[in-house]
Every structure is written in structure tokens, then in C-alpha cells.
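Okay, here's what each chain looks like letter by letter:
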Amino acid sequence: MNRERGMPPVELVIFDCDGVLVDSERIYCRIDREVFASLGAEFTEAEVVEYFVGSSNDRLTAIVEERRGRPLEAGWHETYRPLYDAALDAELRAVAGITDVLDALEVPYCLASNGSHTSIRRNLTRTGLLDRFDDGRIFSARDVAHGKPAPDLFLHAAASMGVAPERCAVVEDSPYGVRAARAAGMRAFGYAGGLTPAERLAGPGTRVFGAMHELPALLAEGVTA
């Protein structure tokens, strides 16, 4: 299909990692509930999805501390890292259809995630996707002053790749991510095939879709920014 009239062509696709490239959010959410309960902070599955999918570590810590009514010890999350690693090693897979999408893209692509470089690379390695991004195309919130929902990370990725924001498309599965894309002046594509309900991704300049195989056609069609 043709691009919407007046829209510049997409010259760079920026993918989130968790929930878009790797099907990790279900694993994280399950372990999150177990860990937070052991810390004295009970959350429902719906609350974990609403509060934590796509959020930064600082925001996560603040919410858990508020729920339990007292601060967490510095570095608290390191104690529980083996639980996450064991589950990810056993269960993590690439998001269904993503390898076909990457093969079909005719423009450059990169990755921009609120996760650390270490966690990003581990999850890409676990799913066999690292080689597709392992040449300066991985960007972490640790690279900028503010992670999502601030636009800093996406603007940094675009500048590093040499593409103007209005010619970038962002593929996200969280409200924080689509908000960051809009704030950066980029076209947002909200993937609703994971845990986040479609209505929480919808908004101006955003095309919501439910199956990854739909993405190449949607990118060609464009979306009003």
C-alpha cells in the first residue's frame, strides 16, 4: 500500500527489545510478582503489566517501595537476578514472526531499550538475534540522561544512525515506549500481541497492530504523525 500523502518515507525502524524482539515480558511479570511478594509488596498480574512493562528500574523501585511502605536496600535486585536468569535461560524465545519481519525490512533498523546493555545482549543471545544488531545498533537508556517515556533514547538512536526523527518509525509494546516515540516526533507502531491491551497503546501518531507479520505492510503504508 502507498504511504499516506505528505508523509516522508521511513528510513529507520527502531525496535524496543523486551516484548517486541524477545518474548520476555510474560517471564518478567511472573517472576516480578514472586519477588515483590517476598519483599512485602503484593501486585496483581494486571498491576504488574500496567506499572512495570516498559518502565525504568528507578520507577519500578519507587513503586515497590511505595507499596511495601519502606525503602528497599541499595542493589536489592541483584539478589534476585538468578531467578530471572534461570527462567529466561529455560523459556525465552523470539517474538513470533520477528525474524521474518527483520528479513523483510528494506531500510536500516536498530534497537533502543530501557534495559541495560548487558541484559539486552543476553536476551538477544538467548534468542539467536544478537548477530542482527551487534554492529553499533544497540542503544540503552544507560546511554542517555532519561529513559522512556522521555524522548532522549530514541533521539539518541536516530542521531547515532544519522536519520532525522520524522523519518523514523518506532515499534513498541508499552505505553511508556509509544509516549517516548511521540515526544521524539517519530511514528509509533504499538504491538498489542503481548501483555499490554491495545487501548493503552492507542493515541495520536500511533498505529496499533496485533500480529508481528502485519508490520512490514504497515510501515510501507505509514501513519499520521
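Residues numbered from 1 in each chain as written. Predicted model: local features only at pLDDT ≥ 70, side-chain atom pairs only at ≥ 80, totals over all residues. Heavy atoms only, no water.

1. A few points about the overall build of the protein
Part 1 of the reasoning: When its secondary structure is counted, the protein shows 10 helices and six strands.
Part 2 of the reasoning: For a compact globule of 225 residues, the expected C-alpha radius of gyration is about 17 Å, and the protein comes in at 17 Å, within 12% of that figure.
Part 3 of the reasoning: Projected onto its principal axes, the C-alpha coordinates of the protein cover approximately 55 × 35 × 30 Å.
Part 4 of the reasoning: The buried share among the 225 residues of the protein stands at 49%.
Part 5 of the reasoning: Taking the contacts inside the protein whose residues are at least 6 apart along the sequence as the reference set, 65% of them involve residues at least 24 apart.
Part 6 of the reasoning: Surface exposure of the protein reaches about 10,300 Å², of which carbon and sulfur atoms provide 49%.
Part 7 of the reasoning: Within the protein, one finds 24 positive and 34 negative side-chain charges whose respective centroids are separated by 2 Å. (Helix = DSSP H or I, 4+ residues; strand = E, 2+ residues; numbered from the N terminus. Rg over C-alpha atoms; globule rule 2.2 N^0.38 Å. Buried < 20%, exposed > 50% of the residue type's maximum accessible area, 1.4 Å probe, protein only. Contact = heavy atoms within 4.5 Å. Areas by Shrake-Rupley, 256 points an atom, 1.4 Å probe, with all protein chains shown as cover. Lys, Arg positive; Asp, Glu negative; His and termini not counted. Charge placed at Lys NZ, Arg CZ, Asp CG, Glu CD.)

2. Observations concerning the side chain of Asp18
Part 1 of the reasoning: The residue Asp18 is located in the loop between β1 (12-15) and α1 (25-38) in this model.
Part 2 of the reasoning: Arg126 is the oppositely charged side chain nearest to the buried, salt-bridge-free Asp18, at an N-O distance of 8.1 Å.
Part 3 of the reasoning: Within the structure, the side chain of Asp18 is placed 2.5 Å from the side chain of Ser24, a separation counted as a polar contact.
Part 4 of the reasoning: If near-sequence neighbours (up to four positions away) are discounted, Asp18 is found in contact with Ser24, Glu25, Tyr28, Asn123 and Asp173. (Salt bridge = Lys/Arg side-chain N within 4 Å of Asp/Glu carboxyl O. Polar contact = N/O pair within 3.5 Å; in protein donor to acceptor, adjacent residues only side chain to side chain.)

3. A closer look at unusual backbone geometry
Part 1 of the reasoning: Here the bond from Lys148 into Pro149 is cis, since omega is 20 degrees, no more than 30 degrees from zero.
Part 2 of the reasoning: Tracing the backbone through its elements, the reader meets Pro149 in the loop between β3 (138-140) and α7 (152-161).

4. Focus on α7
Part 1 of the reasoning: Of all the residues in α7, the buried ones are Leu153, Phe154, Ala157 and Ala158. Down the axis of α7, the sector holding all buried residues measures 130 degrees, keeping them to one side.
Part 2 of the reasoning: Looking at the packing, one finds that the buried side of α7 touches β1, β2 (109-113), β3, β4 (168-172) and α8 (175-183).
Part 3 of the reasoning: One or two positions beyond α7, positive phi appears at Gly162, with a value near 75 degrees. (Arc of directions from axis to C-beta.)

5. Some points on the packing of aromatic side chains
Part 1 of the reasoning: Under the counting rule described, the total for this entry stands at 10 aromatic pairs.
Part 2 of the reasoning: Seen in terms of ring centroids, Phe36 and Phe43 are 5.6 Å apart; in terms of plane orientation they differ by 65 degrees. Their pairing is edge-to-face.
Part 3 of the reasoning: Taking 5.5 Å as the distance between ring centres and 45 degrees as the angle between the ring planes, the aromatic pair formed by Tyr191 and Phe209 counts as tilted. Residue Tyr191 is located in strand β5 (residues 187-191), and its partner Phe209 is located in strand β6 (residues 206-209); the two are separated by 18 residues in the primary sequence. Here the two residues Tyr191 and Phe209 agree in accessibility, since each one is buried.
Part 4 of the reasoning: Taken together, the ring pairs in this structure connect Phe36, Phe43, Tyr51, Phe52 and Trp76 into an aromatic cluster.
Part 5 of the reasoning: Positioned over the ring face of Tyr109 is Arg137, at 4.8 Å from the centre of the ring. (Phe/Tyr/Trp six-rings, centres within 6.5 Å; stacked < 30°, edge-to-face > 60°. Lys NZ or Arg CZ within 6 Å of the ring centre and 35° of its normal.)

Honestly, that's just the spatial picture; any functional story needs more than this.
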